[in-house]
Amino acid sequence: MNSNRLRTAYEARSTGTTRGPAFSSGHGPWLRTDDGTAWFDGTSGSGAATLGHQHPSVVEAAAAQLTRLVHTGCKLTSDPRIRMVRRLGALSPYQEPAVLPTVTGAEAVEAALKVARAATGHRSVVSFRHAYHGKTAGALALTWRAEFKQFGAGPHGSVFTAELPDPRRPYEDGSRVYEDGSQSGEDGSGGTAAGTAAFLSSLTAALDEAEHHGGVAAVVLEPIQVTEGLLTVAPALLDRITRAAHDRGALLVLDEIYTGLGRAGRMFTAELMAETPDLTLVGKTLGNGFPISAVLGERRVMDALPPGVQTSTYSGSPLCCAAASAVLDTLVTQDVPARARSLGRRLDDRLGELATDHPWMASVRTAGALAAFDCTRHGRPDPARAEAVVGAASRARLLLFGGGPEGATVKIVPPALLTEDELGFLLQGLATAVSDADADADADADADEGEAGQAGAQRSGAGRSGGVLR
């Protein structure tokens, strides 16, 4: 092979980008191309840049650390690592907190499952419909050393799925959604007694199956299923699920990788719960763009996992820990959870107004600096219209993602710290995208009707000609 020959390389299509141009700089909610064109990032870098891109305090802390010490490996500690662990533990809902540093959200999930298996002696796990907890699988199965596998994934069929009430569906008792994500209902858990009974039946069935397959080690869920369209689980239901887990000797693992540390309007969802989750997972906001995540819990639970069973080369990276400590300080000094709640109210008001003018916008929902709505056509999910909204937003230099179980959801995930002008751009961009998508849909409908009419005329003409010919 001629090593001097220039060849074109491509990024694999699995990770290839799908929205916007190549960006070269950023600040706050803005991403810029080489020519200076600014785009508003309504995705916050997949939810990580809660403080905005290139937040000055985070950049300053990382830059200073960059000149001192970047890497130690997971088995050697550092001053930034110690500071981050203490700061994060102090903010957590635990009395004697322990912190297990990890790098990605998926790694935090894997680590939490190992902790749960070690702490309970059980093997199986219960999760929920519409859950998203990452995409990794299989690496531990290929690893040779047996002690590393002791608390790893069980055989195929050791994960069991339960249903959750869908907050987008109308409640027969007319219950309403409150700012904290809870809902009124005759049973206090967010819906009708019949709906709750169906949910509890599904949960019980999943727990029974798990118990018959090595016992229930963990029940894992997100307080808000963001990836699948911002589906909130009422705090009263979270408490019920926690108690059900404890009744089976299992740990409740709350995956707050997306929602935690202020993004959804609270530092931790545990603030809204009567029960405290046994383990809490954080990520995304923790690094504000730097790859860092963590598992939090009481020390007596966390230390059930023996030394060396959960490590990775970059866990506890000095550089990422320095950035994370700056993030944690900023969350407190700028009261980011309160700022997120305020932003959520503004988004909810504007989206509600737009939904009044555009009835195909269904189930507007917000939780702090998170918002979503569904697109419908004749009362059914309309993925094409959702794609039209996202495309129209992109033309207005507003980056949004779609998604949801039916592919008909538009998600709005801006940074929590916005100036009034920046918020104005976002709200106007949303209005423009919705209006343009409406116009596009009307044009498509007219075209469909025209094609249908032309086809009908052709059929009618053919019938008349046929009569003459016969």
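Everything numeric here is computed off the predicted structure, so don't read it as measured data.

Caption draft 1: Geometry of the sheet that holds strand β2 (residues 30-32). One open sheet accounts for four strands, arranged β1-β2-β3-β16; its pairing is mixed. Two strands bound the open sheet, and with one partner strand each, they are β1 (25-27) and β16 (398-399). In this sheet, β16 lies alongside strand β3 (residues 38-41) in parallel orientation, the contact comprising two bridges. Considered in β16, the bridge of Asp-41 is made with Leu-399.

Caption draft 2: How the structure looks around the pairing of strand β14 (residues 371-377). Where burial is concerned, most of β14 is hidden: six out of the seven residues are buried. In this structure, strand β13 (residues 361-366) lies alongside β14, joined through four bridges in antiparallel fashion. Note on β14: the bridge partner recorded for Thr-366 is Ala-371. Relative to strand β18 (residues 409-412), β14 is paired through four bridges, and the arrangement is antiparallel. Residue pairing across strands places Ala-372 opposite Lys-411, the latter belonging to β18. Relative to strand β15 (residues 380-381), β14 runs antiparallel, the two sharing two bridges. Looking across to β15, one finds that Arg-377 is bridged to Arg-380. The turn joining β14 and β15, which pair antiparallel and follow one another in sequence, is formed by two residues; a positive phi near 55° is taken by His-378.

Caption draft 3: Structural view of the pattern of salt bridges. In the structure shown here, the tally under the stated rule is 15 salt bridges. A salt bridge links Glu-353 to Arg-350; its shortest N-O distance comes to 3.0 Å. Separated by three residues within a single helix, Glu-353 and Arg-350 lie in helix α11 (residues 336-357), roughly one turn from each other. The closest approach of N and O atoms between Arg-385 and Asp-438, which form a salt bridge, is 3.4 Å. Taken together, the residues span a long stretch of sequence, with Arg-385 in helix α12 (residues 383-395) and Asp-438 in helix α13 (residues 420-469) at a distance of 53 residues. Neither Arg-385 nor Asp-438 differs from the other in exposure class; each is buried.

Caption draft 4: Geometry of the side chain of Arg-168. Along the polypeptide, Arg-168 turns up in the loop between β6 (159-162) and α7 (193-211). At 2.8 Å, the side chain of Arg-168 forms a polar contact with the side chain of Asp-166. In this structure the side chain of Arg-168 is engaged in a polar contact, spanning 3.3 Å, whose partner is the side chain of Asp-374. If we ignore the near neighbours within four places in the chain, the residues touching Arg-168 are Leu-231, Ser-363, Arg-365, Asp-374, Pro-405, Glu-406 and Thr-409.

Caption draft 5: Up close: helix α3 (residues 79-91). Taking 1.5 Å of rise per residue, 13 residues should cover 18 Å, and α3 covers 19 Å from first to last C-alpha, within 8% of that figure. Those residues of α3 not exposed but buried are Pro-80, Arg-81, Met-84, Leu-88, Gly-89 and Leu-91. The arc enclosing the buried residues of α3, seen along the axis, measures out at 160°, which places them on a common side. What points out from α3, more than 90 degrees from its buried face, is the exposed set Asp-79, Arg-86 and Ala-90. Packing partners of the buried residues in α3 comprise α2 (56-66), β4 (97-102), β11 (279-282), β12 (293-298) and α10 (318-333).

Caption draft 6: Main features of the environment of Leu-221. In this structure, Leu-221 sits in strand β7 (residues 216-221). The spatial distance from the C-alpha of Leu-221 to the C-alpha of Leu-252 is 8.1 Å, given a sequence separation of 31 residues. The residues touching Leu-221, leaving out its near neighbours within four places in the chain, are Phe-128, His-133, Val-233, Leu-238, Ile-241, Leu-252, Val-253, Leu-254 and Asp-255.

Caption draft 7: Representation of the confidence of the model for the chain. Taken as a whole, the chain shows an average pLDDT of 87; of its residues, 83% reach a score of 70 or greater. Within the model, pLDDT remains below 50 along residues 171-190, and this stretch shows 51 contacts once partners closer than five positions in the same chain are excluded. In this model residues 455-470 is a low-confidence stretch, pLDDT under 50, and it forms zero contacts with partners more than four residues away in sequence or in other chains.

Caption draft 8: Looking closely at the sheet that holds β4. Taking strand neighbours across the sheet as the criterion, the seven strands line up as β4-β12-β11-β10-β7-β5-β6 in an open arrangement whose pairing is mixed. Each edge of the sheet is formed by a strand with only one pairing partner; in this case those strands are β4 and β6. Across the sheet, the mean angle separating the axes of adjacent strands is 20° when strand polarity is ignored. Strand direction decides the pairing type here: β4 and β12, joined by six bridges, are antiparallel. Bridge pairing links Leu-100 to Val-295 in β12. The sheet contacts of α3 involve β4, β11 and β12, and relative to β4 the element is tilted by about 130°.

Caption draft 9: Layout of the packing of α3 against α10. Orientation of α3 relative to α10, taken along the N-to-C sense of each, is 35°, at an axis distance of 8 Å. Crossing handedness for the pair α3 and α10: left-handed. Here Pro-80, Arg-81, Arg-83, Met-84, Arg-87, Leu-88 and Leu-91 of α3 lie close against α10, whose contacting residues are Pro-318, Cys-321, Ala-322, Ala-324, Ser-325, Leu-328, Asp-329 and Val-332. Classifying every residue of the contact of α3 with α10 gives 10 nonpolar, one polar and four charged.

Caption draft 10: Expanded view of the pairing of strand β5 (residues 124-128). Counting buried positions over the five residues of β5 gives five, a clear majority of the element. Neither face of β5 is exposed, since Ser-124, Val-126 and Phe-128 on one face and Val-125 and Ser-127 on the opposite face are all buried. Examined bridge by bridge, β5 and β7 share three bridges and lie parallel to one another. Directly across from Val-125, in β7, lies its bridge partner Ala-218. Across four bridges, the pairing between β5 and β6 is parallel. Note on β6: the bridge partner recorded for Val-126 is Phe-160.

Caption draft 11: Structural detail: the environment of Gly-262. Among the structural elements, Gly-262 can be located in the loop between β10 (251-255) and β11. Classification of Gly-262 by relative accessible area gives buried; the value is 0%. Sequence-wise, Gly-262 and Gly-368 are 106 residues apart; in three dimensions their C-alpha atoms are separated by 7.8 Å. Among all residues touching Gly-262, those that are not within four sequence positions of it are Met-267, Val-336, Pro-337 and Ala-340.

Rules used throughout
Residues numbered from 1 in each chain as written. Predicted model: local features only at pLDDT ≥ 70, side-chain atom pairs only at ≥ 80, totals over all residues. Heavy atoms only, no water. Pairing = 2+ DSSP bridges. Helix = DSSP H or I, 4+ residues; strand = E, 2+ residues; numbered from the N terminus. Buried < 20%, exposed > 50% of the residue type's maximum accessible area, 1.4 Å probe, protein only. Salt bridge = Lys/Arg side-chain N within 4 Å of Asp/Glu carboxyl O. Polar contact = N/O pair within 3.5 Å; in protein donor to acceptor, adjacent residues only side chain to side chain. Contact = heavy atoms within 4.5 Å. Expected span 1.5 Å × (residues − 1). Arc of directions from axis to C-beta. pLDDT = per-residue confidence, 0-100. Axes fitted to C-alpha atoms, helices over the stretch in contact; angles between N-to-C directions. Left-handed = near helix turned anticlockwise from the far one by under 90°. Nonpolar A, V, L, I, M, F, W, Y, C, P; charged D, E, K, R; others polar.

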